[in-house]
Amino acid sequence: MTSPAAQSSYDAVIVGARCAGAATAMLLARQGLRILVLDRGAYGADTLSTHALMRGGVLQLHRWGLLDKIIEAGTPPVTEASFHYGDEVVSVRLKSRDGVSALFAPRRTILDRVLVDAAREAGAEVVYGTRVSALTTDADGRVTGVVVNGKQGDARRIPAGIVIGADGLRSTIGALVQAPIYRQGHHATGVVYGYWQGLDVVGYEWRYNPGVSTGIIPTNDATCVFAAMPDSRFRDEIARDVEAGYRRVIAECSPAFEAGLNMAVRIGTLHGFPGVPGFFRRSWGPGWALVGDAGYFKDPLTAHGITDAFRDAELLATAVLQCSIHALAEYERARDQLALDQFLATDAIASFDWDLTALPALHRTMSDEMAKEVRAIGSFGQQTGNRCGAASVSAKPLRQLA
């Protein structure tokens, strides 16, 4: 792998090699841009995730030529989702359309590697164990590159046409450019999840009772089972004894399912997330952009985060290829237009201020908005001339992004 120091400059430096960052890198590299991806972690490392891909995310993996790799890794197909409102069950069979006949929920150790490998195959450099400590700017304040600290503590300046922060909801790049939050959610969900073997699960299962929720998500060689509750309960009660609190919340949501866990085997430890209110953050400026959770984050209770990341990666890649600051502004506008109603519905669900007669209406809103999202995603390839499948001739310099 070429050292970043050996490359004089890049069309784009992307900070973060997870779903949003790796997908953006792949799309831009396939168009012939010189791309460097920097990540402080390690290749193939696990991370907190709900795993579930919705139709839009599966559609994009299919169009990018990566879905077969997810299937070959043993990710089970999901063709049914059931919503349990107390004792009432609403089952939904997935209809085959838009090139999607099943949903998938790959482990992040698989999904993130597939995306990074595809970015590298397209020509992007991906360097792990590297931390960005500062940005470089010109006399007008335009971002012109990054300062990185390597494993040995050495600092290097790397020039770039654009710096993209794909480094999560506590984004270093977002903080360095002082990107403001302009819309904030009012609620947050605390979540505890673990992986189980021996459960008889055929698809996604979403279970609800007043004040609690569980999700059952088949993934590679195990089933992810999460317990969700208001963040205040997580902090005041569950965090004191995560093991007991996890089982208690699941039992409150579905006593029969909790009893069934006694016949299954948990693999590994439990993972907890105390919850953070969702937000929209300013995601573009002269020489920089944000993508994924760095720019837009919504509560994980509706399990839409990976699909959000893929959608926004393609929107941003399209904008970067247009070499215009106006295109970056349009990226944010288009993202918000697709995301806002989902965000509002998710925030309402995360409030737990609903009863079992009102909750289905919020889920119908989510379903309607996801259908709109799929239609929009289906047009992305047409908007870019279907260039995402093969590299183009040499890309324009990105100095116009000022």
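Throughout what follows, the structure given in this document is the object of discussion. This structure is a prediction, so every number in the text was calculated from the model and none was measured.

1. Things to note about the packing of helix 9 (residues 305-321) against helix 10 (residues 325-350)
Between helix 9 and helix 10, the least distance of the axes is 8 Å, while the angle of their chain directions is 160°. Classified by the interaxial angle, the pair formed by helix 9 and helix 10 is roughly antiparallel. Our pair here, helix 9 against helix 10, has a crossing hand that is right-handed. When helix 9 is examined against helix 10, the residues Asp308, Arg311, Asp312, Leu315, Leu316, Ala319 and Val320 are found in contact with a partner set consisting of Ala327, Leu328, Tyr331, Ala334, Arg335, Leu338, Ala339 and Gln342.

2. Some points on the nonpolar core
Ranked by size, the top nonpolar core spans 89 residues in total, and within it Ile35, Leu61, Leu115, Trp206 and Phe310 carry the most contacts. Per element, the largest residue contribution to this core is 10 residues, and it comes from helix 9. Once you skip the residues sitting within four places of it in the chain, Phe310 turns out to touch Cys19, Ala23, Leu53, Gly57, Gln60, Leu61, Trp64, Leu111 and Leu115. Val15, Leu36, Val127 and Ile173 belong to the second largest nonpolar core, which has 20 residues in total.

3. Here's the deal with the sheet that holds strand 10 (residues 189-197)
Sheet architecture is open: seven strands sit in the order 4-3-11-12-13-10-14, paired in mixed fashion. Strands at the two margins of the open sheet, each flanked by one partner only, are strand 4 (88-93) and strand 14 (265-273). With direction set aside, neighbouring strand axes in the sheet form an average angle of 15°. Two elements, strand 10 and strand 14, share six bridges in a ladder whose sense is antiparallel. Following the sheet pairing, Val192 is matched in strand 14 by Gly272.

4. Here's the deal with the sheet that holds strand 18 (residues 296-297)
Reading across from one edge, 9-15-18 is the order of the three strands in this open sheet, with antiparallel pairing throughout. Lying at the two open borders of the sheet, with one neighbouring strand each, are strand 9 (181-184) and strand 18. With respect to the sheet, helix 10 is in contact with strand 9, strand 15 (279-281) and strand 18, its orientation differing from that of strand 15 by roughly 170°.

5. Side note on the side chain of Thr24
Mapped onto the elements of the fold, Thr24 is located in helix 1 (residues 19-29). Among residues more than four places away in sequence, those in contact with Thr24 are Ile14, Ile164, Val291, Ala313 and Leu316.

6. Details of the pattern of salt bridges
This model, assessed by the stated rule, comprises 20 salt bridges. Put simply, Arg93 and Glu80 hold a salt bridge, and the shortest N to O gap is 3.4 Å. Of this pair, Arg93 sits in strand 4 while Glu80 sits in strand 3 (residues 80-85), and the two are 13 residues apart along the sequence. Accessibility expressed as a relative area gives 22% for Glu80, which makes it partly exposed. Between Asp112 and Arg108 there is a salt bridge whose closest N-O contact spans 3.0 Å. Taken as a pair, Asp112 and Arg108 lie in helix 4 (residues 108-121) at a separation of four residues, close to a single helical turn. Per residue, the accessibility class of Asp112 equals that of Arg108, and both read buried.

About the criteria used
Residues numbered from 1 in each chain as written. Predicted model: local features only at pLDDT ≥ 70, side-chain atom pairs only at ≥ 80, totals over all residues. Heavy atoms only, no water. Axes fitted to C-alpha atoms, helices over the stretch in contact; angles between N-to-C directions. Helix = DSSP H or I, 4+ residues; strand = E, 2+ residues; numbered from the N terminus. Parallel < 35°, antiparallel > 145°, perpendicular 65-115°, else oblique. Left-handed = near helix turned anticlockwise from the far one by under 90°. Contact = heavy atoms within 4.5 Å. Core = buried A, V, L, I, M, F, W, Y, C linked by side-chain atoms within 4.5 Å. Buried < 20%, exposed > 50% of the residue type's maximum accessible area, 1.4 Å probe, protein only. Pairing = 2+ DSSP bridges. Salt bridge = Lys/Arg side-chain N within 4 Å of Asp/Glu carboxyl O.

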